[in-house]
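# Coordinate analysis (summary)
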Amino acid sequence: MNGPEADRVVLVTGGAGGIGSAVCRRLADHRTTLAVADRDVESAREIALEVRSAGGRAEPFGCDLSRPEEVEALVACVVERFGALHGLCTVAGSIRRGDITELTPADWRATFEDNLDSVFLTCRAAIPQLAKEGGGSIVTIASGWGLRAGRRAAAYCAAKAGVVMLTQAMALDHASAGIRANCVAPGDVRTSMLEREAHQLGRPVAEFYEEAADRPLGRVGEPREIADAVSFLLGEKSSFVTGAVLTVDGGGTL
Ligand SMILES: NC(=O)c1ccc[n+]([C@@H]2O[C@H](COP(=O)([O-])OP(=O)(O)OC[C@H]3O[C@@H](n4cnc5c(N)ncnc54)[C@H](O)[C@@H]3O)[C@@H](O)[C@H]2O)c1
């Protein structure tokens, strides 16, 4: 983003979730105006209220980010409400654990819709608005499993690899409009997504967490640690960085 971060408007998708809400809290520290978008509109409302009661500016937006018409309307509403859009962080995503013989075609489609279609649609709607402001910054959230395969997460690995490549393609295509696009690839982070994975695999949550901590730094990540990386890549301190993939995973992909 160009200019002082305090004057910026940023759309955070998946803003009601574990990592998305941490991103909202982190950006609110910089007094960025936040559009908190999620299909879980009640939780998005709670996050926006929390930001506002701490003195920040935030508005919740209910949206299924896999639906083109809803995403177009979302971006139009954000611009109408705040007058501009300067940054975008695409955090929304979901996981269905299984190898390809375990996953149904519906699992495959839903995984691609939530993780990859959502990024395509949001960026597609946002880029003309960022360009109107003379440029902007996009940060996508992929996964370590978009860089290196993990077991029994075939659709998720494929979709997240798509997020990495889509981000780099956008970095090339839109640099001339002053738009930077970078990707954060988290490793296991303490959110409800990890607990859902344990349930999907029929594993006790505590045991699942213990295994997830088996990485060079010896623990899982905290949402605020992902938010710090996002904040760096969205803001002016990374002004010469585009097309980068920043792994934030305690060394899990080494
Ligand atoms: N938690 C981890 O260990 C981990 C690791 C690597 C990558 N990630 C990625 O980080 C991102 C955030 O994950 P999280 O752990 O905070 O999970 P989370 O489940 O807490 O949050 C995900 C949010 O995305 C929203 N969402 C999903 N699909 C949507 C759609 N189609 N439309 C609107 N909203 C939608 C959900 O409602 C939810 O609020 C995801 O992209 C995930 O794949 C998470």
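Please read all numbers here as calculations on a predicted model, not as lab measurements. (Residues numbered from 1 in each chain as written. Predicted model: local features only at pLDDT ≥ 70, side-chain atom pairs only at ≥ 80, totals over all residues. Heavy atoms only, no water.)

## Some words on the pattern of salt bridges
Should the charged atoms of two oppositely charged side chains come close, the side chains can pair. This model, assessed by the stated rule, comprises 17 salt bridges. Between arginine 97 and glutamate 197 there is a salt bridge; the shortest N-O distance is 2.7 Å. In this pair, arginine 97 is assigned in the loop between strand E4 (87-90) and helix H4 (105-132) and glutamate 197 in helix H6 (residues 192-200), connecting sequence segments 100 residues apart. Taking the relative accessible area as the measure of exposure, glutamate 197 reaches 5% and is therefore buried. In this structure, a network of salt bridges that share partners links the residues Arg39, Arg96 and Asp114. (Salt bridge = Lys/Arg side-chain N within 4 Å of Asp/Glu carboxyl O. Helix = DSSP H or I, 4+ residues; strand = E, 2+ residues; numbered from the N terminus. Buried < 20%, exposed > 50% of the residue type's maximum accessible area, 1.4 Å probe, protein only.)

## Things to note about the nonpolar core
One finds Leu11, Phe61, Leu74, Val78, Leu85, Cys123 and Ile138 to be the most contacted residues of the largest nonpolar core, which totals 35 residues. Of all elements in the fold, only strand E1 (9-13), strand E2 (33-38), helix H3 (68-82), H4, helix H5 (154-174) and strand E6 (179-186) reach the threshold of two or more residues within this core. Considering each element in turn, this core owes the most residues, nine residues, to H4. Apart from residues no more than four positions distant in its own chain, leucine 11 is found in contact with Ala35, Ala37, Leu74, Val75, Val78, Leu85, Gly87, Leu88, Cys89 and Thr122. Ala22, Val23, Val36 and Val51 belong to the second largest nonpolar core, which has 29 residues in total. (Core = buried A, V, L, I, M, F, W, Y, C linked by side-chain atoms within 4.5 Å. Contact = heavy atoms within 4.5 Å.)

## Some points on the site of the ligand
Taken together, 30 residues are adjacent to the ligand, and Asp38, Tyr156, Val189, Thr191 and Arg196 come closest. Within the contact set of the ligand, an oxygen atom lies 3.3 Å away from a backbone nitrogen or oxygen of glycine 17. Residue isoleucine 19 places a main-chain N or O atom 2.8 Å away from an oxygen atom belonging to the ligand. Starting from 820 Å² of accessible surface for the ligand in isolation, the protein chains cover 95%. Elements with a minimum of two residues in the shell around the ligand: helix H1 (18-29), H4, H5 and H6. Ranked by residues supplied to the shell around the ligand, first place goes to H6 with four residues. Within the shell around the ligand, the residues separate by chemical class into 13 nonpolar, 10 polar and seven charged. (Near = heavy atom within 4 Å. Polar contact = N/O pair within 3.5 Å; in protein donor to acceptor, adjacent residues only side chain to side chain. Areas by Shrake-Rupley, 256 points an atom, 1.4 Å probe, with all protein chains shown as cover. Nonpolar A, V, L, I, M, F, W, Y, C, P; charged D, E, K, R; others polar.)

## Quick word on the environment of alanine 206
With respect to the helices, strands and loops of the structure, alanine 206 is situated in helix H7 (residues 205-212). Sequence spacing of alanine 206 and glutamate 195 is 11 residues, and the spatial spacing of their C-alpha atoms is 9.1 Å.

## Some words on the UniProt feature "domain: Ketoreductase" (unreviewed entry) in the protein
Within this numbering scheme, the UniProt entry marks residues 8-190 as carrying the feature "domain: Ketoreductase" (unreviewed entry). A helix fraction of 49% and a strand fraction of 19% characterise residues 8-190, whose end C-alpha atoms lie 29 Å from each other. (UniProt positions renumbered as here; feature names shortened; annotations may be inferred.)

## A word on the side chain of glutamate 59
Here glutamate 59 lies in strand E3 (residues 57-62). At 2.9 Å, the side chain of glutamate 59 and the side chain of arginine 81 are in polar contact. The contacts of glutamate 59, once residues within four sequence positions are left out, are Leu34, Ala35, Val36, Ala48, Arg52, Arg81 and Phe82.

## Digging into the sheet that holds E3
Across the sheet, seven strands lie side by side as E3-E2-E1-E4-E5-E6-E7; this open sheet has parallel pairing. Unpaired on one side and paired on the other, E3 and strand E7 (245-248) mark the two borders of the sheet. Taken over all neighbouring pairs, the strand axes of this sheet differ in orientation by 15° on average, direction set aside. Pairing geometry for E6 and E7, over four bridges, is parallel. Within E7, the residue paired with alanine 185 across the bridge is threonine 247. Along the sheet, H4 contacts E1, E4, strand E5 (136-141) and E6; its crossing angle with E4, the most-contacted strand, is approximately 170°. Its contacts with the sheet place H5 against E5, E6 and E7, and it is angled at close to 160° to E6. (Pairing = 2+ DSSP bridges. Axes fitted to C-alpha atoms, helices over the stretch in contact; angles between N-to-C directions.)

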